[in-house]
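Each chain, letter by letter, is given below.
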Amino acid sequence: MKHRTFFWFFLPTGLAMLLFIAAPIVSVVIQSFYTPHEAVLVTVENCGPFGCKEETTIDQEATRELREAEPLGRFAGFSIYLDRGHLAVTEVGQAWQSSQSVGEFFGKLGNLPFYRALAFTLTYTFAVTPTLIVLGLMIALAVNSLHRHLKGLIIFFSLLPMIVPPLLGSLVLFWMLDSRGILGSAIQWLANDPGLSLKASTPLTWIMLIVYGVWSSAPFAFVVFYAGLQTLPSDQIEASQIDGATRWQQVRFVVVPHLMPLVTFVALIQLMDNFKVLEPIVGFNAEAHAQSLSFFILNDLSGETWLLSSASATSVMTLVGVAILLSPVLLRTWRDFKGKQ
Amino acid sequence: MFLKKITLAAAITALTSTTALACEINGRVSIVGNEFPAIQTVGAGAKECQGGEVNTNLTADHQKINLAGMQGDPAEYTSAIIANSSIVALMNDDVIRPLDDLVAKHGGNLKKNQLITIDGKIMAVAFMANAQHLVYRKDILEEIGVEPPKTYEEMLEAAKMIRDKGILENPVGGAYKSGWNLAQEFNNMFLGFGGQHFKPGTAEPNINSEAGIKALEMMKALSEYMNPDFLTHDSNATNAEYRAGNVALMNMWGSRAATLTTAEGVPQEVIDGFAIAGPMTVGGGETPASTLWWDGWTVAKNIPDEEAEATFIAMNHAIRPDILSDDNVAIQAVWLIDGYEPTEKAIGVFEAANAGTIPYPMLPYMGLMHTALGNELADFMQGKESAEQALADVEAAYTAAAKEKGFLQ
């Protein structure tokens, strides 16, 4: 395509991307470097149904002047990124100096919200992504070998976890897993422990969230792989059969290499999605046991007083985290692309 | 013929009575607020007004949208229904207007204690009061032969007796869900032990104290008698446990107590045994371990004066004394409206007010403290860290947030 043609062809998309993707990111990055003005506080008398009381409030006149002078707020540099709610540099330094062993240091690190959230998010991401890829591939192979009359029905049922909105799916499972729910009681019966509660134990909550993550995302991998299987050249399979390949060898040496670009694609999308895990934590009321960066953003923006700068800093850090996670896959794709040229 | 006359007479009476109640506005009214029954009544009342468009958006997520919806000019919402905790966020960002002139012009039916004044200016009109107090099963307490507990220590004793006798495995209920609810239970207990959240006159945190540690220890002791999933139980889940007959003693919101046993499928013994008492004290203190709340409405600042007037008229119409003639409405809340006669269900909130319960602090930085408490206390409740460590974490989390917001240097 000529450069000129390409330019006009790409212009509408480029403009939309600039407006809806680049501009919001830029605004979030700017926001993360500024904090609200220092509050000018005054003590006033407040009265209501329960009598009068001296209380502190914000002096609106004085604050308005500050706001008009510098509408963006105070420039804070990286201070929000470094504070206790985020990278907690000072606290990490103190923990390092006061710890006798590495184990003790990690214990103290786990008490800081960012590192605790990172621990869960990474465990979740690296447990869910490979599992769902393998599971998706297995479902795709199984469905592909079914009789064509059965296929439609089975495909529909396999897709159900993806069709159900994530929040709803996790809520339904949450109720079923209650110690009085059907699954919760079944697990108690299996473990022979009537006091067992999934929701009261951190390891069990993590496992519950990971199982949910695989359950809800496996259909996506399945659909992509199933579509890929339809493009599998039958002559290659036949050739391998003539060579005496077993069914496992056919899958291992013919099917999987053929689907490899799709595996990369699913891995990319799912790494991104799983790193931003939010709905299961909300749906399973699991915030006492598991938190993620996205949950912090929600938390900063749902209290009575919003922490916009903190939420922006967490957003930027999520973006950086996703970029780091994706870099090996992207690098590989780039090398393949270079190799082909 | 006779029937026809009666119908006609009835129709005329109905017509005249509606004209008597008529509410005429000329301007847009748009209301955002929470969704519990009493607020639904207020929203429906405002919608009766004629002459202007009246919209309501009543949702449990109201706090996530009310500020953003009032910051624009003109503001999307002309009124936000808020409580003494959430008015602070609207005050901090200066999006609500003083109502003195409108109260003088249209607010003849309002009592003085309904007017929320901040620095001498009327900023909101309260219509109901709320507090957390004891809800219990009188049949179970009679069975073990104890009086309804007046203190949390007595509550623990009663819980132990109920468990030991094999009546209920987890007799205590509590909205201890990690986050807002858990923080609120800490606030109750902390104030009951005589604690103060901040050093006087400053935004410096002051919870890592003896009162804070005692409050946490009491919460931990209570949680031993709760459903092991207590960190996932909000008010709704706790009420469900009570309705199912699994709970005999709990600290519950007055606004939810009246309708607690009216749901479908509640066993007869739970309905018959349902009883309400005032809030409990703790650690030999005089002040109940609870907080007082009001709910009220505000008028947005960034709207034309006609819309503000229309909003005031519509909201004022919605809380006119007449609405109490409907018995279903009268039991929905402890109304602050003129002519309200407390029902049997209101006794808990009334006792809370009479016993000198402290109102929830209306401080610009209280919301940050509440959020920090909600995030950092779950570790202690699970036995993962000491009370001192949990309280130190809360203070550190609060300090980081308060520095960002400019409340601390």
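Here the structure is a predicted model, which means the values were calculated and not measured. (Residues numbered from 1 in each chain as written. Chains lettered and ligands numbered in written order. Predicted model: local features only at pLDDT ≥ 70, side-chain atom pairs only at ≥ 80, totals over all residues.)

Novice: Explain the overall build of chain B to me, please; I cannot follow it from the model alone.
Specialist: When helices and strands are counted, chain B shows 18 helices and 11 strands. A compact globule built from 409 residues should have a C-alpha radius of gyration of about 22 Å, and chain B, at 23 Å, falls within 12% of that. The buried share of chain B, taken over its 409 residues, is 54%. By sequence separation, contacts in chain B at least 24 residues apart represent 74% of the contacts at least 6 residues apart. (Helix = DSSP H or I, 4+ residues; strand = E, 2+ residues; numbered from the N terminus. Rg over C-alpha atoms; globule rule 2.2 N^0.38 Å. Buried ≥ 20, exposed ≤ 12 C-beta atoms within 10 Å, placed from the backbone. Contact = placed C-beta atoms within 7 Å.)

Novice: What's the story with the overall build of chain A in this structure? I'm lost.
Specialist: Helix and strand counts for chain A stand at 15 helices and 4 strands. Relative to the globule expectation of 20 Å for 341 residues, the C-alpha radius of gyration of chain A, 26 Å, shows a markedly less compact shape. Across its three principal axes, chain A shows a C-alpha extent of roughly 90 × 70 × 50 Å. Every one of the 341 residues in chain A was classed for burial, and the buried ones make up 31%. For chain A, contacts bridging at least 24 residues in sequence account for 66% of all contacts bridging at least 6.

Novice: Got a minute to help me understand the domain arrangement of chain A in this structure?
Specialist: One frequent convention defines the size of an interface as the accessible area lost when the parts assemble. Taken domain by domain, chain A holds domain 1 (40–70), domain 2 (79–111) and domain 3 (116–291). Using C-alpha coordinates to define each centre, domain 1 of chain A is positioned 37 Å away from domain 2 of chain A. (Domains from an automatic or database assignment.)

Novice: Is there a simple way to explain the domain arrangement of chain B in this structure?
Specialist: Residues and elements named next belong to chain B. In terms of domains, chain B is made up of domain 1 (2–130 + 293–351) and domain 2 (131–291 + 354–404). Each of domain 1 and domain 2 has a C-alpha centre, and the two are 30 Å apart. Elements with a contribution of two residues or more to the side of domain 1 that touches domain 2: helix H2 (37–47), helix H4 (87–92) and helix H15 (347–354). With 5 residues, the top contributor of residues to the side of domain 1 that touches domain 2 is H15.

Novice: Just to check I follow, could you spell out the interface of chain A and chain B for this structure?
Specialist: At the interface, 42 residues of chain A touch 49 residues of chain B. Of all the secondary-structure elements, those providing two or more residues to the side of chain A that touches chain B are strand S2 (41–48), strand S3 (51–58) and helix H15 (308–340) of chain A. At 6 residues, the largest contribution of residues to the side of chain A that touches chain B is made by S2(A). Where S2(A) and strand S4 (residues 115–118) of chain B come together, 2 bridges link them in antiparallel fashion. By the bridge assignment, Asn46(A) is partnered in S4(B) with Ile118(B). (Pairing = 2+ DSSP bridges.)

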